[in-house]
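# Close look at the chain arrangement
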Amino acid sequence: MAIFSVYVVNKAGGLIYQYDNYVPRTEVEKTFSFPLDLVLKIYDEKLVVSFGQRDGIRVGHAVLSINGVDVNGKYTAEGKDILEYLKDPANYPVSIKFGRPRLTSNEKLMLASMFHSLFAIGSQLSPEVGSSGIEMLETDVFKLHCFQTLTGIKFIVLADPRQSGIDALLRKIYEIYSDFALKNPFYSLEMPIRCELFDQNLKSALEIAEKAGTFGPGS
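Owing to the predicted nature of the structure, the values given are computational and were not obtained by experimental measurement.

### Things to note about the overall build of the chain
When helices and strands are counted, the chain shows four helices and eleven strands. Dimensions of the chain along its principal axes, counting C-alpha atoms only, are 65 × 40 × 35 Å. Looking at the chain as a whole, 38% of its 219 residues are labelled buried. Residue pairs in contact within the chain that sit at least 24 positions apart in sequence constitute 55% of those at least 6 positions apart. Counting only carbon and sulfur atoms, one obtains 54% of the accessible surface of the chain, whose full area is about 12900 Å². Of note, the chain has its 23 positive side-chain charges centred 0 Å away from the centre of its 26 negative side-chain charges.

Okay, here's the thing in structure tokens:
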């Protein structure tokens, strides 16, 4: 069981804090000979697999590194176009690492804003007045849990579907936010949270939740 990540979204839908606690490793590195038996295409400034699956490499996986050196989107570390590089037989054999595309900071900001809008739509669709909005979304590999405070701040946790104690964890994160962000004289409301004590206590809370699943008195 694992807690994957934590997001804090302000009442306007802006992402003010994000922490990746555990990112599953779905990366595969293989050595290829010429010609490459996978079809690659550029999508959202990344080079991804569009056709052909083998040895754990899946359609949608992105090129993460070439010959052990991380790539920069569709370019090698030296600034060369990866597609052109892979067309040259002289560059083979070549070792390519594939994996799930990594979210950029801008993509995380956009997704937080989209969830804020979806949360509002969920509240408006409710047949009853005063709906709490979306509290949980479930997939086959993770659950998204959301707790919104009376002031509109949303605390979001992505966790393994089998992870217990998430409701208690969300309220513990709210408590940490109140103690180490709101009471910080240098913190401005609705702005990004940059506080070392907040980081430390959040990480400690996540560790306790993963091991025990609950928070007892005084935790």
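### What about the nonpolar core?
If you look at soluble globular proteins, the nonpolar side chains tend to sit buried side by side. If you look at the biggest cluster of nonpolar residues, it comprises 25 residues, and the most contacted ones within it are Ile3, Phe155, Val157, Leu169, Tyr177, Ile193 and Phe198. Of all the secondary structure elements, the ones that give two or more residues to this core are strand 1 (3-9), strand 2 (15-20), strand 11 (154-159), helix 3 (166-182) and helix 4 (196-212). It is helix 3 that contributes the most residues to this core, seven residues altogether. Excluding its chain neighbours within four sequence positions, the residues that come into contact with isoleucine 193 are Val8, Ile16, Tyr17, Tyr177, Ala181, Tyr187 and Phe198.

### Points about the pattern of salt bridges
Counted by the stated rule, this structure contains eleven salt bridges. A salt bridge links aspartate 55 to arginine 54; the nearest nitrogen and oxygen atoms lie 2.9 Å apart. For aspartate 55, a relative accessible area of 46% translates into the label partly exposed. The partly exposed category is assigned to arginine 54, whose relative accessible area is 29%. Its salt-bridge partner being glutamate 84, residue lysine 87 comes within 3.5 Å of it at the nearest N-O pair. A residue pair is termed a helical-turn pair when its members lie 3 or 4 positions apart in one helix, as lysine 87 and glutamate 84 do in helix 1 (residues 82-87) at three residues. Overall, lysine 87 belongs to the exposed group, its relative accessible area being 55%. Three or more residues are tied together by salt bridges with common partners; here these are Asp37, Arg54 and Asp55.

### Describing the sheet that holds strand 1
Hydrogen bonding along the main chain pairs the strands of a sheet, whether they run parallel or antiparallel. Read from one edge to the other, the open sheet built from five strands follows the order 2-1-11-10-9, with strand pairing classed as antiparallel. Only two strands of the sheet have a single partner each, and these edge strands are strand 2 and strand 9 (136-138). Taken pair by pair, the neighbouring strands of this sheet meet at an average axis angle of 10 degrees, ignoring direction. Relative to strand 2, strand 1 runs antiparallel, the two being bridged by five bridges.

### Regarding the domain arrangement of the chain
Annotation of the chain at the domain level lists domain 1 (3-23 + 104-212) and domain 2 (27-99). Here domain 1 and domain 2 have C-alpha centroids that lie 35 Å from each other.

### A few points about the packing of aromatic side chains
Across all of its chains, the model carries eight aromatic pairs by this definition. When the centroid spacing of 5.8 Å and the interplanar angle of 55 degrees are considered together, the rings of phenylalanine 147 and tyrosine 174 count as tilted. Separated by 27 residues along the polypeptide, phenylalanine 147 in strand 10 (residues 143-148) and tyrosine 174 in helix 3 bring together distant segments of the chain. Assessed through its relative accessible area of 16%, phenylalanine 147 is described here as buried. Assessed through its relative accessible area of 30%, tyrosine 174 is described here as partly exposed. When the centroid spacing of 5.4 Å and the interplanar angle of 70 degrees are considered together, the rings of phenylalanine 155 and tyrosine 177 count as edge-to-face. One end of the pair, phenylalanine 155, is in strand 11; the other, tyrosine 177, is in helix 3, with 22 residues separating them in the sequence. In textbook terms, an aromatic cluster arises when at least three aromatic residues are bridged by ring pairs, as seen for Phe147, Phe155, Tyr174 and Tyr177. Over the aromatic face of phenylalanine 119 sits the side chain of lysine 154, whose NZ or CZ is 4.8 Å from the ring centroid.

### Some thoughts on unusual backbone geometry
Phenylalanine 34 connects to proline 35 through a cis peptide bond whose omega is 0 degrees. Note that proline 35 resides in the loop between strand 3 (28-32) and strand 4 (39-43). Even without being glycine, aspartate 55 reaches a positive phi, approximately 50 degrees. Along the chain, aspartate 55 turns up in the loop between strand 5 (46-51) and strand 6 (62-66). For asparagine 67, which is not glycine, the phi torsion reads 50 degrees and is therefore positive.

Reading guide: rules and limits
- Residues numbered from 1 in each chain as written.
- Predicted model: local features only at pLDDT ≥ 70, side-chain atom pairs only at ≥ 80, totals over all residues.
- Heavy atoms only, no water.
- Helix = DSSP H or I, 4+ residues; strand = E, 2+ residues; numbered from the N terminus.
- Buried < 20%, exposed > 50% of the residue type's maximum accessible area, 1.4 Å probe, protein only.
- Contact = heavy atoms within 4.5 Å.
- Areas by Shrake-Rupley, 256 points an atom, 1.4 Å probe, with all protein chains shown as cover.
- Lys, Arg positive; Asp, Glu negative; His and termini not counted.
- Charge placed at Lys NZ, Arg CZ, Asp CG, Glu CD.
- Core = buried A, V, L, I, M, F, W, Y, C linked by side-chain atoms within 4.5 Å.
- Salt bridge = Lys/Arg side-chain N within 4 Å of Asp/Glu carboxyl O.
- Pairing = 2+ DSSP bridges.
- Axes fitted to C-alpha atoms, helices over the stretch in contact; angles between N-to-C directions.
- Domains from an automatic or database assignment.
- Phe/Tyr/Trp six-rings, centres within 6.5 Å; stacked < 30°, edge-to-face > 60°.
- Lys NZ or Arg CZ within 6 Å of the ring centre and 35° of its normal.

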